[in-house]
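Summary of the model geometry
Chain by chain, the residues:
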Amino acid sequence: MTFATKSAGCGKDPTMTSQSYTMTVNGKQRQYIMKLPSSYDKNRPYRLIFTWHQLGGSATKIVNGEDPKKGGVLPYYGLPPLTNNSAIFVVPNGLNNGWGNAGGEDITFFDNMVKTVEADLCVDTTLRFSTGFSYGGAMSYAVACARPKDIRAVAVISGSLLSGCSGGNDPVAYYGQHGTSDSVLNISGGRSLRDKFVKNNGCTAVQEPQPEGGRSVKTVYKGCKEGYPVTWVIHNGDHNPSQVDSGSSTPFAPQNTWEFFSQFN
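Before going into details, it helps to say that this report is about the structure given with it. This one's a predicted model, so the numbers in the text were calculated from it and none came from an experiment. (Residues numbered from 1 in each chain as written. Predicted model: local features only at pLDDT ≥ 70, side-chain atom pairs only at ≥ 80, totals over all residues. Heavy atoms only, no water.)

Focus: the environment of lysine 6
Here is the rule: Secondary structure elements follow DSSP: runs of H or I no shorter than four residues count as helices, runs of E no shorter than two count as strands, and numbering proceeds from the N terminus. Whether two residues are in contact is decided by their heavy atoms: any pair within 4.5 Å suffices.
With respect to the helices and strands, lysine 6 occurs in the segment before strand 1 (20-25). A C-alpha to C-alpha distance of 9.7 Å links lysine 6 and leucine 121, two positions 115 residues apart in sequence. Dropping the residues within four chain positions of it, lysine 6 is found in contact with Asn43, Pro45, Val123 and Thr125.

Printed below as a string of structure tokens:
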């Protein structure tokens, strides 16, 4: 049982609100958008969830969402309605609408956002999470590699090795999701990210099941180190953050992601 480790912002009257902020990182102006829970309580340590956009996306597009029927993401990856006001969201904006992470600059951006947010708001520092689709998934993977002690779990949706993996030898709880028909980032890339954390987390490798027609199949790995699970979801779709199972109109990534993140408390 890990007891909540409170950030420096706990007990303080916050200056941050649900709006856009800028900071300078390595001499470059960086933007991010905050979303606080309704009726924020300065004495309650919240989860902190980073949501990274895809290539050509933006923080604003993550906040507003795009049409899931056309391969767009739901606002904040569909997570706020599931969190029961238990999370603060940070939505970073990429340079050139992506996460090239040249010289680790996007990891430095992550570090600075954590520091800034936690100095002002009440966060449980053992419950930081990261998710994203495509390039945003790659960035979440880069965070898991480079900052394993600073992130509790990641959810990588249709990701690949695009933002680097500095370090990458330590365990981090890992959720991955990918389509067998992905025409943008082949599923082999997603599998290779997954396998890094299957190994790091000490899980037993398994022969991966295939999608059941239009239904996704979830594999929960066995034998992982206590507290470092790995879950993999495979589906027969394309490069799509809002894939649905046949017979359903609800994208399955949000529920799967929240189920994975919320097991840690």
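Here the narrative resumes.
Considerations on helix 2 (residues 105-120)
Going by this rule: One less than the residue count of a helix, multiplied by 1.5 Å, gives the span that helix is expected to have. Note on exposure labels: buried denotes an accessible area under 20% of the residue type's maximum, exposed denotes more than 50%, and partly exposed covers the range between, all computed with a 1.4 Å probe on protein chains only.
Its 16 residues give helix 2 an end-to-end C-alpha distance of 23 Å, which sits within 8% of 22 Å, the value for a rise of 1.5 Å per residue. When helix 2 is considered as a whole, its buried residues turn out to be Glu105, Asp106, Ile107, Phe109, Phe110, Met113, Val114, Val117, Glu118 and Asp120. Where helix 2 is buried, its residues touch strand 1, strand 2 (28-35), strand 3 (46-52), strand 4 (87-92), strand 5 (123-133) and helix 3 (135-146).

Overview of the state of the cysteines
Threshold: Pairs of cysteine sulfur atoms within 2.5 Å are what we label disulfides.
One pass over the structure, following the stated rule, counts three disulfides. Residue cysteine 145 pairs covalently with cysteine 165 via a disulfide, S to S 2.1 Å. One quick way to see it: the torsion about the S-S bond of cysteine 145 and cysteine 165 is about -90 degrees, and its sign makes the bridge left-handed. In this pair, cysteine 145 sits in helix 3 while cysteine 165 sits in the loop between strand 6 (153-157) and strand 7 (173-179), placing the two residues 20 residues apart along the sequence. The disulfide partner of cysteine 203 is cysteine 224, and the gap between their sulfur atoms is 2.1 Å. A torsion of 115 degrees about the S-S bond marks the disulfide between cysteine 203 and cysteine 224 as right-handed. Linking cysteine 203 in the loop between helix 4 (187-200) and strand 8 (217-220) with cysteine 224 in the loop between strand 8 and strand 9 (230-235), this pair joins segments that are 21 residues apart in sequence. A residue is classified by how much of its surface remains accessible, and cysteine 203, at 11% relative accessible area, is buried.

What about the pattern of salt bridges?
Any two side chains of opposite charge can pair, given that their charged atoms come close. Rules: By salt bridge we mean one thing: a side-chain nitrogen of Lys or Arg within 4 Å of a carboxyl oxygen of Asp or Glu.
The tally for this structure, following the rule as stated, stands at 11 salt bridges. In this structure, glutamate 259 engages lysine 218 in a salt bridge whose closest nitrogen and oxygen atoms are separated by 3.1 Å. Placement of glutamate 259 in helix 5 (residues 253-262) and of lysine 218 in strand 8 is noted, with a sequence separation of 41 residues between them. Each of Arg191, Arg194, Asp195 and Glu208 takes part in one network of salt bridges that share partners.

Regarding the nonpolar core
Defined as follows: Within this scheme, the nonpolar core is defined by two criteria: the residues are buried Ala, Val, Leu, Ile, Met, Phe, Trp, Tyr or Cys, and they are joined through side-chain atoms within 4.5 Å.
Judged by nonpolar contacts, the single largest core of 50 residues is most densely connected at Tyr32, Met34 and Val117. In terms of residue count, the dominant contributor to this core is helix 3 (nine residues). Core analysis: the next-biggest nonpolar cluster, separate from the first, contains 27 residues, Val73, Leu127, Phe129 and Ala253 among them.

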